[in-house]
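Notes for the structure review
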Amino acid sequence: MRPSLSTPPAIPAGALAAGPQPVLCAPGNLVLRPWEHGDAAAFYAAYQDPAIRHWHTRQPASEDEVRQWFEQYRQNWAQETGASWAVTHDGGEVLGRMAMGSLNLDDGVAGCGYWVLPAARGAGVAPRALAALSAWVLGDAGFHRLHLDHSTRNQASCRVAVKAGFQLEGTKRSDAIHSDGRHDMHLHARIRTSQV
């Protein structure tokens, strides 16, 4: 049973799932779209990259498991608990991933994360895709705050966050485990009153 709120929810239950997961566009012909069955090979290949493996400890064991993840992503959208997008060139070639989770519709708060394939790094794909996701989350979706965290040792992720307008809010000490042990994590966020 859900407890009663003393304030109205920031986002009414059912508001997100009432429609399909949106397709988002970003400069440079980037299209963020829901994952498709045919993306399984590219998604699985991403997790063979040492950097992605290092910073993302939850990893699929096979393309079949990837397809199970894709089905879970569809369920997450329907249940309003999360969403995951393929970052693509014009809707085709997969360049990376954007995801949102930890959705709190009552407070209008969500978290996000990302990775980019090695061949697409250094071209501004991640900041442009993250800015597009942020614009939708803090705009049409109706959230008030979008946050992310990354290891203090992951300077590339920090640059992405800052370029996409996420302010550094602090350090969470020994907050996450990566392949080489526990890491302090930087916390970044954008809020709706920020320029979207």
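Below is a short write-up of the structure.

Let's talk about the nonpolar core
Ranked by internal contacts, the top residues of the largest apolar core, which has 37 residues, are Met100, Leu130, Leu133, Trp136 and Phe143. Broken down by secondary-structure element, the contributors of at least two residues to this core are strand 1 (24–26), strand 2 (30–34), strand 3 (83–89), strand 4 (93–104), strand 5 (109–116), helix 4 (125–138), strand 6 (145–151) and helix 5 (155–163). Of all the elements, helix 4 adds the most residues to this core, at nine residues. In this view, Leu130 contacts Met98, Cys112, Tyr114, Leu148, Val160, Ala161, Ala164 and Phe166; residues no more than four positions away in its chain are not counted. Core analysis: the second largest hydrophobic core is formed by 14 residues, Phe43, Ile52, Phe70 and Leu117 among them.

Remarks on the environment of Phe70
Mapped onto the elements of the fold, Phe70 is located in helix 3 (residues 63–79). What makes Phe70 buried here is its relative accessible area of 2%. Each C-alpha atom, one on Phe70 and one on Glu36, is 7.5 Å from the other, the two residues being 34 residues apart in sequence.

Observations regarding the sheet that holds strand 8 (residues 181–191)
Strand order in the open sheet formed by eight strands is 1-2-3-4-5-6-8-7, and the pairing between neighbours is mixed. Either end of the sheet is taken by a strand with one partner, and the two such strands are strand 1 and strand 7 (167–178). In this sheet, neighbouring strand axes are inclined to one another by 30 degrees on average, regardless of whether the strands run parallel or antiparallel.

Quick notes on the pairing of strand 2
For strand 2, the buried fraction is high: four of the five residues fall into the buried class. Across three bridges, the pairing between strand 1 and strand 2 is antiparallel. Its bridge partner lying in strand 2, Cys25 is registered against Val31. The turn linking strand 1 back onto strand 2 is made up of three residues, and Gly28 within it adopts a positive phi angle of 80 degrees. Examined bridge by bridge, strand 2 and strand 3 share five bridges and lie antiparallel to one another. For Val31, the partnering residue across the bridge sits in strand 3 and is Thr88.

Quick look at unusual backbone geometry
In this structure, Asn29 takes a positive phi of about 65 degrees despite not being glycine. Relative to the helices and strands, Asn29 is located in the loop between strand 1 and strand 2.

A few points about the pairing of strand 6
Of the pairings in the sheet, the one linking strand 5 to strand 6 comprises three bridges and is parallel in character. Paired with Gly111 across the bridge in strand 6 is His147. Handedness of the strand 5-helix 4-strand 6 crossover: right-handed. Here seven bridges tie strand 6 to strand 8, and the two strands are oriented antiparallel to one another.

Quick word on the layout of surface pockets
Considering only enclosed or pocket space, the largest pocket measures out at about 1300 Å³ in volume. Considering the residues around the largest pocket, the lining is formed by 50 residues, among which His56, Gly113, Tyr114, Trp115 and Ser157 are closest to the centre. The dominant element in the lining of the largest pocket, judged by the number of residues it contributes, is strand 5, at six residues. Looking at side-chain class alone, the lining of the largest pocket contains 25 nonpolar, 18 polar and seven charged residues.

Observations regarding the environment of Gly91
Examined against the element boundaries, Gly91 turns out to sit in the loop between strand 3 and strand 4. Residue classification places Gly91 among the partly exposed residues on the basis of a relative accessible area of 27%. Along the backbone, Gly91 and Val23 are 68 residues apart, and their C-alpha atoms lie at a distance of 9.2 Å. In this view, Gly91 contacts Val31 and Arg33; residues no more than four positions away in its chain are not counted.

Reading the values: the criteria
- Residues numbered from 1 in each chain as written.
- Predicted model: local features only at pLDDT ≥ 70, side-chain atom pairs only at ≥ 80, totals over all residues.
- Heavy atoms only, no water.
- Core = buried A, V, L, I, M, F, W, Y, C linked by side-chain atoms within 4.5 Å.
- Buried < 20%, exposed > 50% of the residue type's maximum accessible area, 1.4 Å probe, protein only.
- Helix = DSSP H or I, 4+ residues; strand = E, 2+ residues; numbered from the N terminus.
- Contact = heavy atoms within 4.5 Å.
- Pairing = 2+ DSSP bridges.
- Axes fitted to C-alpha atoms, helices over the stretch in contact; angles between N-to-C directions.
- Right-handed = clockwise from strand over helix to strand, strands pointing away.
- 1 Å grid on protein atoms, 1.4 Å probe; cavity = no way out; pocket = protein on both sides within 12 Å on 5 of 7 lines; lining within 4 Å.
- Points joined across faces, edges and corners; volume = space filled by probe spheres on them.
- Nonpolar A, V, L, I, M, F, W, Y, C, P; charged D, E, K, R; others polar.

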